[in-house]
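Fold and contact review
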Amino acid sequence: MSTLFRKFVDSGYHSITFPHREMVVNIIAQHNPESVLDLGCANGPDLFLLKELFPNAKLIGIDRSPPETPSFAQISQGDITQCLPEIIEHFDVVMTNGVLMYIDSARVPDILNEIERIATKAIVFSEVNPYGPKEFRDYEKHFTDKGYTVIVHKLPEDVRKGTPWEENGYIYEIVKP
């Protein structure tokens, strides 16, 4: 275990050990990103794992909470429902992990449009919907109607057992045409 990883775990942010993170990071890694934007990154556990795989990648995170800026990524405070239109830079991969489910569903299409504008290779989001798959179908349709390839990865049953993630957790991989 790297010293940086030990420091991350010792800091009290144990969410890095959530078992689905490895799956999310492996999906992103298939796109060999030189840059990743993580929307709703918290303290950066996914960015940390990506830094281990892609030490030279530009890793940026945005979260509503005041950031504790780690040495492995740049994390800024911001509300993604408001700050996305201001982003002029492009990223190979734009990701969210358990974020869209907290946003009013009426606002999600605009956010997806902004994510689509910013991403150059792929979009990856991991979400749970305890109310059923309708919103997932809406997300998928948003992209397939525009010619994107959408790959839906069901989380294995043993991931986050006993939580809504077990039954309704998915990782969406959206590949730009």
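When its secondary structure is counted, the protein chain shows seven helices and seven strands. Within the protein chain, buried positions represent 51% of all 177 residues. Looking at the protein chain alone, contacts between residues at least 24 apart form 67% of all its contacts between residues at least 6 apart. Accessible area for the protein chain stands at about 9000 Å²; split by element, carbon and sulfur atoms hold 51% of it.

So, on to the nonpolar core. Counting residues in hydrophobic clusters, the biggest one holds 28 residues, and the most contacted among them are Leu 37, Leu 39, Leu 84, Val 94, Phe 125, Phe 143 and Ile 174. Within the residue set of this core, elements represented by two or more residues are strand E1 (35–39), strand E2 (58–63), helix H4 (80–83), strand E4 (91–97), helix H5 (108–118), strand E5 (119–128), helix H6 (134–144) and strand E7 (169–175). Ranked by residues supplied to this core, first place goes to H5 with five residues. Beyond its immediate stretch of four places on either side in the chain, Phe 143 contacts Leu 112, Glu 116, Ile 123, Phe 125, Tyr 148, Val 150 and Ile 174. Counting 25 residues, the second-largest nonpolar core is a separate cluster that includes Cys 41, Ile 75, Trp 165 and Ile 171.

What follows covers the packing of aromatic side chains. Counting across every chain of the model gives two aromatic pairs. Taking 5.4 Å as the distance between ring centres and 75 degrees as the angle between the ring planes, the aromatic pair formed by Phe 143 and Tyr 148 counts as edge-to-face. Pair check on accessibility: Phe 143 and Tyr 148 agree, each one buried. Cation over ring: Lys 154 sits above Tyr 170, and NZ or CZ is 5.2 Å from the ring centre.

Contact pair helix H2 (residues 20–29) / helix H3 (residues 45–53): the axes reach a minimum separation of 10 Å and the direction vectors enclose 50 degrees. Comparing their axes, H3 and H2 come out oblique. Read as a crossing pair, H2 and H3 show a hand that is right-handed. Side by side, H2 and H3 meet where Arg 21, Val 25, Ile 28 and Ala 29 of the first sit next to Pro 45, Asp 46, Leu 49, Leu 50 and Leu 53 of the second. In terms of residue class, the contact of H2 with H3 is built from seven nonpolar, no polar and two charged.

Position of Ile 60 among the secondary structure elements: in strand E2. Taking the relative accessible area as the measure of exposure, Ile 60 reaches 11% and is therefore buried. C-alpha separation for the pair Ile 60 and Ser 35, spaced 25 residues apart in sequence, amounts to 7.9 Å. If we skip the residues at most four places from it in the chain, Ile 60 touches Val 36, Leu 37, Asp 38, Leu 47, Gln 74 and Phe 91.

This next bit is on the pairing of E7. Of all seven residues that make up E7, six are buried, and the element is covered over most of its length. Bridge count for E5 against E7 is seven bridges, and the pairing is antiparallel. Bridge pairing in E7 links Phe 125 to Tyr 172. Examined bridge by bridge, strand E6 (residues 149–154) and E7 share six bridges and lie antiparallel to one another. Each residue of the ladder has a partner; that of Lys 154, found in E7, is Tyr 170.

Definitions and cut-offs
Residues numbered from 1 in each chain as written. Predicted model: local features only at pLDDT ≥ 70, side-chain atom pairs only at ≥ 80, totals over all residues. Heavy atoms only, no water. Helix = DSSP H or I, 4+ residues; strand = E, 2+ residues; numbered from the N terminus. Buried < 20%, exposed > 50% of the residue type's maximum accessible area, 1.4 Å probe, protein only. Contact = heavy atoms within 4.5 Å. Areas by Shrake-Rupley, 256 points an atom, 1.4 Å probe, with all protein chains shown as cover. Core = buried A, V, L, I, M, F, W, Y, C linked by side-chain atoms within 4.5 Å. Phe/Tyr/Trp six-rings, centres within 6.5 Å; stacked < 30°, edge-to-face > 60°. Lys NZ or Arg CZ within 6 Å of the ring centre and 35° of its normal. Axes fitted to C-alpha atoms, helices over the stretch in contact; angles between N-to-C directions. Parallel < 35°, antiparallel > 145°, perpendicular 65-115°, else oblique. Left-handed = near helix turned anticlockwise from the far one by under 90°. Nonpolar A, V, L, I, M, F, W, Y, C, P; charged D, E, K, R; others polar. Pairing = 2+ DSSP bridges.

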